Amino acid sequence: MIHLKTEEEIEIIRENNLLVSKTLAEVAKHIGPGVTTLVLDKIAEQFIRDNGAVPGFLGYHGYPNTLCISVNDTVVHGIPSKYELREGDIVSVDCGTNYKGFYGDSAYTFEVGEVRPEVKRLLEVTKEALLLGIEQAVEGNRVGDVSAAVQRHAEVNGFSVVREMVGHGLGKSMHEEPEVPNYGARGRGPKLQTGMVICIEPMINLGKKHIYMEKDGWTVKTTDRKASAHFELAVAIGKRKADILSTFKFIEEVLEEKRR
Ligand code: MF3
Ligand code: CO
C-alpha cells in the first residue's frame, strides 16, 4: 500500500531530510586521508542528537550504527570501522534520521583527495542520473519513467546499474511502497501522484552490475571489486515539478570551502 502524505506530513519529512543534509555536510568537513569511518559515524550521531532527532538507521533491523559508510568497491550498507580513509578512495555516506514520527534518508559519495578520472566520472554520472530521475518524479508519470531515466544515463556513459537494491517510499517507515528501481521501462510501474514521497538512490558500478553480501550480513560489494557510487535524495511528487526535500547544497558549500 502506498501511503499518501498531507502537506503537514511532507513538511515534517522535509525537516528530517534537511537535518540529514546538514549532517552529511558536517561529515564532509571531516572527510580526508587518515580519518576512520567510525569517527565520521560518531560526528553524525552527535550532530543528529544535538538537533533533537534520533539516528534513523541505528537499530533498524539491528543495524549497529548511525551511518552506512561504503568505501570504493562497497556498494552500500558498509559498517563504520577503524578503517582509515586513504587518498584516492571514494566514500559513500548514507544517513537517516527520525524526528516527529517520520524519517529522513539521503546519501552522497565523496572523493578523498584526488581520485582517478574514470572514478570522478562515475560520481558525476551517478549524481546526474539521480537528477534526471527526479525530473521524472511528477504526477501522471510512473515509477518506470524515473527508473528508465536513471538507467539510460548510467548505461550510455558505460557504467552499470545495481539491480538488487532499489529506492523506496519514505514516511513513518524508512522503506515504504513503492519500490523505485534504478532500471526499468518508461510507462511501467505504479503511477506517481501528489502526496507520495520517494527516495531515488542510484547505485552505479564502474564495472559489472554484479554484487554480493559479506558475511556480516550488511556490507554489499561489487563482485569485480571495481568502484561503486551512490547518491540519494528524497522528493515529494509534484504536479509539474518534483519538490526535493533533501539537498546537496550544504555538502557542496563545504566541498567548495575545502577546495579553497
Ligand atoms: N538508506 C538505506 C536504504 O535505503 C537505509 C539503510 S538502513 C540500514 O537502503 F539500517 F540498513 F542501515
Ligand atoms: Co534509502
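Refer to the preceding data block for the structure.
Residues numbered from 1 in each chain as written. Chains lettered and ligands numbered in written order. Predicted model: local features only at pLDDT ≥ 70, side-chain atom pairs only at ≥ 80, totals over all residues. Heavy atoms only, no water.

So, on to the packing of aromatic side chains. One pass over the structure, following the stated rule, counts five aromatic pairs. Relative to phenylalanine 110, the ring of tyrosine 108 has its centre 4.8 Å away and its plane inclined at 50°; by these criteria the two rings are tilted. Exposure class is identical for tyrosine 108 and phenylalanine 110. Each is buried. A centroid spacing of 6.0 Å and a plane angle of 70° characterise the contact between phenylalanine 231 and phenylalanine 248, whose relative ring orientation is edge-to-face. With phenylalanine 231 in the loop between β13 (228–230) and β14 (233–236) and phenylalanine 248 in the loop between β15 (243–244) and α5 (249–259), the pair connects residues that are 17 residues apart, well separated along the chain. Residues phenylalanine 231 and phenylalanine 248 agree in their burial class; the two are buried. (Phe/Tyr/Trp six-rings, centres within 6.5 Å; stacked < 30°, edge-to-face > 60°. Buried < 20%, exposed > 50% of the residue type's maximum accessible area, 1.4 Å probe, protein only. Helix = DSSP H or I, 4+ residues; strand = E, 2+ residues; numbered from the N terminus.)

Another aspect to go through is the pairing of strand β5 (residues 102–111). For β5, the buried fraction is high: nine of the ten residues fall into the buried class. By the bridge criterion, ten bridges tie strand β4 (residues 90–99) to β5 in an arrangement that is antiparallel. Bridging across to β5, valine 93 finds its partner in tyrosine 108. Remark: two residues form the turn of the hairpin made by β4 and β5, two consecutive strands paired antiparallel; lysine 100 in that turn has positive phi of roughly 50°. (Pairing = 2+ DSSP bridges.)

In this section: helix α3 (residues 117–135). One full turn of an α-helix is made of 3.6 residues, so residues set three or four places apart face in the same direction. Compared with the 27 Å implied by 1.5 Å per residue over 19 residues, the 27 Å span of α3 between its first and last C-alpha is a close match. Regarding α3, the residues found buried are Val119, Leu122, Leu123, Val125, Thr126, Ala129, Leu130, Gly133 and Ile134. (Expected span 1.5 Å × (residues − 1).)

This part covers the nonpolar core. Counting 57 residues, the largest nonpolar core has Ile31, Val91, Val93, Phe110, Ile200 and Ile251 as the members making the most contacts within it. For phenylalanine 110, the residues in contact, after removing those within four places along its chain, are Leu24, Ala28, Ile31, Asp89, Ile90, Val91, Val93, Leu123, Ile251 and Leu255. In terms of nonpolar packing, the next biggest core, distinct from the first, is built from 15 residues, Tyr63, Cys199, Ala236 and Leu245 among them. (Core = buried A, V, L, I, M, F, W, Y, C linked by side-chain atoms within 4.5 Å. Contact = heavy atoms within 4.5 Å.)

Tracing the backbone through its elements, the reader meets serine 228 in strand β13. Side chain to side chain, serine 228 and asparagine 205 meet in a polar contact 2.7 Å long. Setting aside residues no more than four positions away along its own chain, serine 228 makes contact with Asn72, Thr74, Val75, Ile90, Leu122, Ile204, Asn205 and Thr222. (Polar contact = N/O pair within 3.5 Å; in protein donor to acceptor, adjacent residues only side chain to side chain.)

What follows is about the site of ligand 1. If you check the shell around ligand 1, you find 13 residues, and the closest are Asp94, Asp105, His168, His175 and Glu201. Histidine 168 places a polar side-chain atom, nitrogen or oxygen, 3.1 Å from an oxygen atom of ligand 1. In this structure, an oxygen atom belonging to ligand 1 sits 3.0 Å away from a side-chain N or O atom of glutamate 201. When each cavity is represented as a set of grid points, ligand 1 is found to reside in the second largest pocket. (Near = heavy atom within 4 Å. 1 Å grid on protein atoms, 1.4 Å probe; cavity = no way out; pocket = protein on both sides within 12 Å on 5 of 7 lines; lining within 4 Å. Sits in = over half its atoms within 2 Å of the grid points.)

With that out of the way, let us pick up the layout of surface pockets. Of the voids in this model, the largest pocket is the one considered here, and its volume is about 560 Å³. As for the largest pocket, its lining consists of 20 residues, of which Glu111, Gly113, Lys120, Leu255 and Arg259 are closest to the centre. Counting residues per element, the ones that place at least two in the lining of the largest pocket are β5, α3 and α5. Counted by class, the lining of the largest pocket contains eight nonpolar, three polar and nine charged residues. By volume, the second largest pocket amounts to about 360 Å³. For the second largest pocket, the lining is made up of 20 residues, of which Tyr60, His77, His168, His175 and Glu201 are closest to its centre. (Points joined across faces, edges and corners; volume = space filled by probe spheres on them. Nonpolar A, V, L, I, M, F, W, Y, C, P; charged D, E, K, R; others polar.)

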